[in-house]
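These are the residues of each chain, in order.
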Amino acid sequence: MTDRQYDLPSYLVQHSHGVPKLTDLEEAKLEQMRAAQWETKDVLSGVMKRFGAPIRYAFAYGSGVYKQAGYGGASKPMIDVIFAVSHPDHWHALNISQNRSHYSFMGTLGSNAVTFVQEKLGAGVYYNPFVEIDGVMIKYGVVSIDTLSSDLLNWDTLYLAGRMHKPTLTLRRDPLMRITKQVNLTHAVRAALLMLPKNFTSEELFQTIASLSFSGDFRMKIGGENPQKVQNIVEAQMPLFKSRYGSIIEGLSNLEYIGQDLLQQDMSPTARAAMVRKMPNNFYDGLVKQGRKSGIRLPPGLGAEAVNTERLVTVDNISGLATKAIETIVARPALTQSIKGILSSGLTKSFAYMYSKNSKYRSANEQK
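Our subject in this report is the structure included herewith. (Residues numbered from 1 in each chain as written. Predicted model: local features only at pLDDT ≥ 70, side-chain atom pairs only at ≥ 80, totals over all residues. Heavy atoms only, no water.)

### Observations regarding the pattern of salt bridges
Link 1 in the chain: Taken as a whole and assessed by the stated rule, the structure comprises five salt bridges.
Link 2 in the chain: The shortest N-O distance in the salt bridge between Lys-139 and Asp-80 comes to 3.4 Å. With Lys-139 in strand β4 (residues 136-144) and Asp-80 in strand β2 (residues 79-85), this residue pair connects regions lying 59 residues apart in the sequence. The pair Lys-139 / Asp-80 is uniform in exposure class, with both members buried.
Link 3 in the chain: Among the ionic pairs, Asp-261 bridges to Lys-242, the shortest N-O distance being 2.6 Å. With a gap of 19 residues between them, Asp-261 in the loop between β7 (255-257) and β8 (262-265) and Lys-242 in helix α9 (residues 229-251) connect regions that are remote in the sequence.
Link 4 in the chain: Look at Asp-261 and you get partly exposed, because its relative accessible area is 31%.
Link 5 in the chain: Residue Lys-242 is classed as buried on the basis of its relative accessible area of 10%.
Link 6 in the chain: Members of the salt-bridge network, linked through shared partners, are Glu-26, Lys-242 and Asp-261. (Salt bridge = Lys/Arg side-chain N within 4 Å of Asp/Glu carboxyl O. Helix = DSSP H or I, 4+ residues; strand = E, 2+ residues; numbered from the N terminus. Buried < 20%, exposed > 50% of the residue type's maximum accessible area, 1.4 Å probe, protein only.)

Next up, the structure:
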């Protein structure tokens, strides 16, 4: 399959469809969330000043930043932060020298060993969890900015790209990331459209988008994650999702609002096939593989893309094929990244983290 140019969503150029304004209640909630964001950003900006190693781009995500439905306020969750850096080996060398206590026994082996584990195992992220700085408990992950950019554009693992489908809090900006983030969000909408019917609600769209990174994640099957996590995220963060995706929806010619919270997509084979051809190669290849497994005749070769996409989008179970293609991308990196956590975190912190996740799983089941 030939490399495709990632087209910038047309919302960067023109507006084609109107997006309904937020309701008064949603506006009020959004303002509250924005205020909380600024408070969290101010706190984390102070935390970041404690790192002498250069950080090119950074963001925070998860329940430590954005509230999720179904959780009480008794305990304050650990804040997840990602540091994207230009040269991981150099970064870890400086950070081990300054913050040796953040690392497990891997820190003793030096920056070369840490970087090897980071880049050769899992999804290219090295986490240091349960790090307390100025009274703030964080789990920070270090990733090469090239690895992060590639995942956003190409969906290599969907590990960080999937997390960035949900609301995130940017702590340090980078010009390159502005474009790659938008491309990733557009990919997410298009993948969701393959899994949805002609008409659907905005809540159904955002739940489908939020579920992408959990598809194929073994933790959802063994009690490592709250089974209601996707629903909890979208329910509590709906105004943020609408704000995040509004201009993207507005810029897609095959999607439009037909009511306050009702959307309609163009189900014609031509439009849907064209949409698939704008998706990452990794997703397209997985879709073709799943199609062949289900008995669809799809010719090989660089010139077969048009024929294959038109055949794929007309089958009844295209939603299932798309879901399996996503699961295939997510499954292995999610597993190996979790195994890598034993090395990067050490046994004590790893078990503490797994216990915390399992507690949320059990708590969710008790509320059913």
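### Description of the sheet that holds strand β3 (residues 125-133)
Link 1 in the chain: Strands sit in the order β3-β4-β2-β1-β5 across an open sheet of five strands; the sheet is mixed. The open sheet is flanked by β3 and β5 (169-172), the only strands paired with a single partner. Shown here is a sheet whose adjacent strand axes are inclined to one another by a mean of 25°, direction ignored.
Link 2 in the chain: Bridge analysis of strand β1 (residues 57-61) against β5 gives three bridges, and the strand direction is antiparallel. Paired with Ala-58 across the two strands is Arg-172, which belongs to β5.
Link 3 in the chain: Strands β2, β3 and β4 of the sheet are contacted by helix α2 (residues 88-98), whose axis makes an angle of about 150° with β4. (Pairing = 2+ DSSP bridges. Axes fitted to C-alpha atoms, helices over the stretch in contact; angles between N-to-C directions. Contact = heavy atoms within 4.5 Å.)

### Examining the pairing of β2
Link 1 in the chain: Of all seven residues in β2, seven are buried, a share of seventy percent or more.
Link 2 in the chain: Here β2 shows no split at all, with Ile-79, Val-81, Phe-83 and Val-85 on one side and Asp-80, Ile-82 and Ala-84 on the other all buried.
Link 3 in the chain: Bridging between β1 and β2 involves five bridges; their strand directions are antiparallel. Paired with Phe-59 across the strands is Ile-82, a residue of β2.
Link 4 in the chain: Bridging between β2 and β4 involves seven bridges; their strand directions are parallel.

### Quick look at the pairing of β8
Link 1 in the chain: Residues of β8 alternate between two faces, with Leu-263 and Gln-265 buried on one and Leu-262 and Gln-264 left unburied on the opposite face.
Link 2 in the chain: Two strands pair when backbone bridges link them, and strand β6 (residues 199-201) and β8 are joined in this way by three bridges, in the antiparallel orientation. Bridge pairing links Thr-201 to Leu-262 in β8.
Link 3 in the chain: For β7 and β8, the ladder comprises three bridges, and the chain directions are antiparallel.

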